[in-house]
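Working through the structure, step by step
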Amino acid sequence: MQRIESHSSAAPILTLSRIFCSNSSKTPTRTSVPLLIYNLTLFVAYSAILTLRFLEGYASSQFTVNNVVIYLHLICYIAVFLSNVISNWVYSKKYHSNLIRLEIFDHNLDSLGVVLNRKKTRRLFNVWFWAALVLFLYVAAVDCVIDLFFTSNASMIAWLSIYVPVTINYFVVFTMVFNFYLLNDRYTRLKTCLDKVLTQDSSITIKQFTNFYLELTHISDSIVGHFSSQIATMFLLVFMVVTSNLYIFLKHPLKVFEYVFHGNFLLMHLAEMVLVIFAAYWTILKAEEVVKASPRLLTKSSESKNTFSEQLKCYLLINENRPEMRVFGMFSLNPSTLLSMGASIVSYLIILIQFTENKKNVQYGPMRATQNRFR
């Protein structure tokens, strides 16, 4: 069974997905036993962390909002972790298969003279990864320092119970965004192939171009399906974090270090959501360039009825098979999703402000409240 070579443009992203437990496949038909053990070990370790956190007992503390919201925060973080485990178990082989299909796709386009700049892709991956890593380490280090030196009754178990799922979620988001970049680059090259077809370049036929387009569209939707559970739980987590933090900012005065903590965490989660949506939307727009140019196929002069039939078939297939980028078939990854989430956040923020008891003295944010609650 074919594997992705180390020099491949998809090799770094496959390695990253294995490190952060979103892929345990050895090939599209086999699971890697060491990777499976690694994932099971992490699952057992996180289960132990959660157990220790509950066993720490319940200390009297002051809450940001009611207990239901505090429990929902903890459930969201657990859901983020479990979504990665489930996706890995169900879709990892399929994801590996899609990356190999991309490699075959690249090889076929290379043979037509539309060559992928693999060095540029690897360079971009390295630059983006180190930038993302530095940003994450900053947020994690600041929160750890605040926990240890400015927050009473803080514990490393509480910190780990939050940052194990947050770390995995953060780098899975990076994996998703870079996958969208890879797809975007392929649609750019596919547009070049369409230009060759329109100029009657003999190196590519209409049938070849049609097959390339259908294959890339199928790969795009399949990759989004692989990450659907992570995207859904991430959006749920972002909704809870943003709503609760905005409530704190609006209703209660905070110390400087609390503003730093809340601001860092809020911006990190918002950046994850915005990057995923706009990376997917950017890919859709690039695919739409191919779709919008497809009517020109019908204006191309044809020597026979068969040639015109091929042109018409290609045009119809392109228009009927556009990449959807839908999460579980419920919503598409486009800016309208941001508007919907913004409206929901504002609505529930108003409900929180109206129905939360004014007598509660709030000092801690949703993360800190969750940590205190389960001590």
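Before reading further, recall that the structure is shown in the block above.
Summary of the structure given here. All of these numbers come straight from a predicted model, not from anything done at the bench. (Residues numbered from 1 in each chain as written. Predicted model: local features only at pLDDT ≥ 70, side-chain atom pairs only at ≥ 80, totals over all residues. Heavy atoms only, no water.)

1. Section: the overall build of the protein chain
When you go through the protein chain residue by residue, the secondary structure sums to twelve helices and four strands. Across the 375 residues in the protein chain, those meeting the buried criterion constitute 52%. Long-range pairs, those at least 24 residues apart, make up 84% of the contacts in the protein chain with a sequence separation of at least 6. A total accessible area of about 17,400 Å² is found for the protein chain, and carbon and sulfur atoms account for 64% of it. (Helix = DSSP H or I, 4+ residues; strand = E, 2+ residues; numbered from the N terminus. Buried < 20%, exposed > 50% of the residue type's maximum accessible area, 1.4 Å probe, protein only. Contact = heavy atoms within 4.5 Å. Areas by Shrake-Rupley, 256 points an atom, 1.4 Å probe, with all protein chains shown as cover.)

2. Concerning the pattern of salt bridges
One side chain can pair with another of opposite charge once the charged atoms of both are near each other. For the structure shown, the criterion picks out eight salt bridges. One salt bridge in this structure joins Arg186 and Asp106, with 2.3 Å as the shortest N-O distance. In this pair, Arg186 is assigned in helix 5 (residues 156–198) and Asp106 in helix 3 (residues 67–111), connecting sequence segments 80 residues apart. Residue Arg186 is classed as buried on the basis of its relative accessible area, which comes to 1%. Its relative accessible area of 0% is what places Asp106 among the buried residues. Taken together, the shared-partner salt bridges in this structure form one network comprising Asp106, Asp110, Arg118, Arg186 and Arg189. (Salt bridge = Lys/Arg side-chain N within 4 Å of Asp/Glu carboxyl O.)

3. Concerning helix 1 (residues 11–19)
All buried positions along helix 1 are accounted for by Ala11, Pro12, Ile13, Leu14, Leu16 and Ser17. Cys21 lies just past helix 1 and shows a positive phi near 65 degrees.

4. Points about the environment of Ile284
With respect to the helices, strands and loops of the structure, Ile284 is situated in helix 8 (residues 256–293). As for Ile284 and Asn184, which are separated by 100 residues in sequence, their C-alpha atoms are 8.0 Å apart. Those residues in contact with Ile284, other than ones at most four positions away along the chain, are Pro323, Glu324, Met325 and Leu333.

5. Describing the nonpolar core
By size, the foremost hydrophobic cluster in this structure holds 95 residues, and its most contacted members are Tyr163, Phe180, Phe209, Phe265, Val276 and Leu333. The dominant element in this core, judged by the number of residues it contributes, is helix 5, at 24 residues. (Core = buried A, V, L, I, M, F, W, Y, C linked by side-chain atoms within 4.5 Å.)

6. A few points about the environment of Leu112
Secondary-structure assignment places Leu112 in the loop between helix 3 and helix 4 (118–149). Taking the relative accessible area as the measure of exposure, Leu112 reaches 11% and is therefore buried. Apart from the residues within four sequence positions on either side, Leu112 is in contact with Lys196, Ser203, Ile204 and Phe212.

7. Some words on helix 5
Compared with an ideal rise of 1.5 Å per residue, which puts 43 residues at 63 Å, helix 5 spans 62 Å between its outermost C-alpha atoms and is within 8% of the ideal. The largest bend along helix 5 reaches roughly 30 degrees and is located at Tyr163, with the proline Pro165 sitting one to four residues downstream. Counting buried positions along helix 5 yields 36 of 43 residues, so the element is predominantly enclosed. Residue Gln200 follows helix 5 closely and has a positive phi angle near 60 degrees. (Expected span 1.5 Å × (residues − 1). Bend = angle between axes of the 7 residues up to and from the residue.)

8. Quick word on unusual backbone geometry
The backbone of Cys21 sits at a positive phi, close to 65 degrees, despite the residue not being glycine. Relative to the helices and strands, Cys21 resides in the loop between helix 1 and strand 1 (25–27). The buried category is assigned to Cys21, whose relative accessible area is 4%. With a phi angle near 55 degrees, Met325 is a residue other than glycine that sits in the positive phi range.

9. Remarks on the packing of helix 5 against helix 8
Across the interface, helix 5 lies against helix 8 with an axial gap of 9 Å and an inter-helix angle of 15 degrees. When the axes of helix 5 and helix 8 are compared, the pair comes out roughly parallel. When the axes of helix 5 and helix 8 are compared, the crossing they make is left-handed. When the residues that make up the contact of helix 5 with helix 8 are grouped by side-chain class, the tally is 23 nonpolar, four polar and four charged. (Axes fitted to C-alpha atoms, helices over the stretch in contact; angles between N-to-C directions. Parallel < 35°, antiparallel > 145°, perpendicular 65-115°, else oblique. Left-handed = near helix turned anticlockwise from the far one by under 90°. Nonpolar A, V, L, I, M, F, W, Y, C, P; charged D, E, K, R; others polar.)

10. Regarding the packing of aromatic side chains
One pass over the full model with this rule turns up 22 aromatic pairs. On the basis of an interplanar angle of 20 degrees and a centroid distance of 6.3 Å, the ring pair of Phe43 and Phe81 is categorised as stacked. Here Phe43 is found in helix 2 (residues 33–55), whereas its partner Phe81 is found in helix 3, with 38 residues between them in sequence. You can call Phe43 partly exposed: its relative accessible area is 33%. Ring geometry for Phe125 versus Phe129: centroids 6.0 Å apart, planes at 5 degrees, classification stacked. (Phe/Tyr/Trp six-rings, centres within 6.5 Å; stacked < 30°, edge-to-face > 60°.)

11. Describing a nonpolar patch on the surface
Together, Phe43, Val44, Leu82, Val85, Ile86, Trp89 and Val90 give the surface a local cluster of nonpolar side chains, amounting to about 680 Å² of exposed area. Of all the elements, helix 3 adds the most residues to the nonpolar patch, at five residues. Mapped onto the elements, Val85 comes out in helix 3. Taking relative accessible area as the criterion, Val85 reaches 32% and is therefore assigned partly exposed. (Patch = residues over 30% accessible without salt bridge, like charges linked within 9 Å, V, L, I, M, F, W, Y side chains within 5 Å.)

12. Some thoughts on the packing of helix 8 against helix 11 (residues 335–355)
In the contact formed by helix 8 and helix 11, the axes pass within 9 Å of each other and the chain directions differ by 150 degrees. With respect to helix 11, the axis of helix 8 lies roughly antiparallel. Facing Met273, Val274, Ile277, Phe278 and Tyr281 of helix 8, the residues of helix 11 in contact are Pro335, Thr337, Leu338 and Met341. Counted by class, the contact of helix 8 with helix 11 contains eight nonpolar, one polar and no charged residues.

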